[in-house]
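The primary structure of each chain is shown beneath.
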Amino acid sequence: MATVNETARTRVRPVFKQLTAQDPSGVAWLEPLLALSSRAAELELPSEAGWAGPLQKPPSLELPVPAPLDFLEHLVKNPRKLRWPRDADGEQRVYRSAIHQRRKALLAANVPAQQEAIRDIRKQQQKGPDPAMKDWWVLEGAAEIDCALFAEGVTVFIEGKRDEKTLKVHGNWYERRIQLYRKLDCLRTLPGRAERFYVLALVETGTPIEVEARAMSRDFQFARASWPQLETEDAAELWTHFLGYATWQQVAERFAGIEFPKD
């Protein structure tokens with residue numbers, strides 16, 4: 001079974017390296033790549049050529065992006081929705097003493113702890129989200145984006161999977177938070193993103209991951225649970241930025257010269 005690093009080595013890095021070598025601007029491949037997505041027709045991507053524009057910089061691999069501050073505030077306001085993370089051996093995770101005690105108080109619905117966290121989050125909102133945030137109230141750290149594409153007219157986060165165990169990776173403190181949908185939420189609040197933005201999963205043909213991706217691309221209510229801080233209307237709008245999935249094999253068939261490294 002492929003690990004995240006193996007998927008990066010055998011799919012994400014070589015595929016986007018080869019695409020960039022064919023056209024560093026991305027003009028020749030970005031729009032056709034997005035058109036492969038399972039929800040492209042449903043979302044009615046622009047039909048005019050050139051809508052995505054050229055890449056502003058080369059594809060960013062394994063890019064850390066900050067958690068949305070409105071999501072972090074929702075967590076501290078709703079401690080009963082949280083569960084204390086556990087390590088691989090099933091034991092409760094232990095943090096540095098000061099952090100551990102504050103988080104313990106938070107889960108006990110301690111009002112002063114909640115108020116302290118909310119004040120700190122509101123101060124951070126004046127500065128903007130930061131992937132380096134390490135404060136005790138940061139109950140979701142930075143998300144790592146497999147491949148981020150920053151074009152003039154669109155920002156795209158690529159989630160690359162091969163034959164990993166599941167696409168439904170849960171969050172630590174808020175277990176209804178699914179990694180794939182979490183990354184779309186992070187993109188929503190990312191400073192400097194384009195007005196048009198999308199998340200696309202690229203998966204391996206014929207794997208359980210593809211089956212999951214197909215189901216997840218049709219299940220708004222499942223995605224909705226990952227965005228508890230959003231009103232229903234806002235969550236429905238965010239859903240229109242989820243492109244669903246395409247397969248690595250579709251990419252190789254669509255773009256001549258794409259080859260996968262031998263394992």
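Rules used throughout
- Residues numbered from 1 in each chain as written.
- Predicted model: local features only at pLDDT ≥ 70, side-chain atom pairs only at ≥ 80, totals over all residues.
- Heavy atoms only, no water.
- Buried < 20%, exposed > 50% of the residue type's maximum accessible area, 1.4 Å probe, protein only.
- Helix = DSSP H or I, 4+ residues; strand = E, 2+ residues; numbered from the N terminus.
- Pairing = 2+ DSSP bridges.
- Arc of directions from axis to C-beta.
- Contact = heavy atoms within 4.5 Å.
- Lys, Arg positive; Asp, Glu negative; His and termini not counted.
- Salt bridge = Lys/Arg side-chain N within 4 Å of Asp/Glu carboxyl O.
- Polar contact = N/O pair within 3.5 Å; in protein donor to acceptor, adjacent residues only side chain to side chain.
- Axes fitted to C-alpha atoms, helices over the stretch in contact; angles between N-to-C directions.

Asks: Go over the pairing of strand E5 (residues 242–247) with me, naming the residues and quoting the values.
Replies: With 6 of 6 residues buried, E5 is to be regarded as a mostly interior element. Where strand E4 (residues 197–203) lies against E5, 4 bridges are found, and the strand directions are parallel. Looking at the pairing, Val203 lines up with Thr247 of E5.

Asks: Can you lay out helix H10 (residues 232–239) for me, pointing to particular residues and giving the numbers?
Replies: Buried within H10 we find Ala235, Leu238 and Trp239. On an axial view of H10, the arc spanned by its buried residues comes to 105 degrees, and they lie on one face. Next to the buried residues of H10 lie helix H7 (179–188), E4, helix H8 (208–216), helix H9 (220–224) and E5.

Asks: Break down the side chain of Glu31 for me, with residues and values.
Replies: Of note, Glu31 is situated in helix H2 (residues 30–35). Despite its burial, Glu31 pairs with no opposite charge; the closest candidate is Arg254, at 9.1 Å N-O. Side-chain polar atoms of Glu31 contact the backbone nitrogen of Ala52, separated by 3.0 Å. If sequence neighbours within four positions are ignored, Glu31 has contacts with Glu48, Ala49, Gly50, Trp51, Ala52 and Gly53.

Asks: Outline H8, listing residues and values.
Replies: Listed in full, the buried residues belonging to H8 are Ile209, Glu210, Glu212, Ala213 and Met216. Along the axis of H8, the buried residues cluster in a sector spanning 160 degrees; they form a single face. The outward face of H8, more than 90 degrees from its buried face, is lined by the exposed residues Pro208 and Val211. On the buried face of H8, the contacting elements are H7, E4, H9, H10 and E5.

Asks: Describe the sheet that holds E5, and please don't skip the residues or the numbers.
Replies: In spatial order, the strands read E1-E2-E3-E4-E5; together these 5 strands make up an open sheet with mixed pairing. In the strand order of this sheet, the two ends are held by strand E1 (60–65) and E5, each with one partner. Averaged over all adjacent pairs, the angle separating strand axes in this sheet is 40 degrees, with direction ignored. Across the sheet, H7 is in contact with E1, strand E2 (143–150), strand E3 (155–160), E4 and E5; its angle to E4 comes to roughly 155 degrees. Across the sheet, H8 lies against E4 and E5, angled at about 155 degrees from E5, the strand it touches most.

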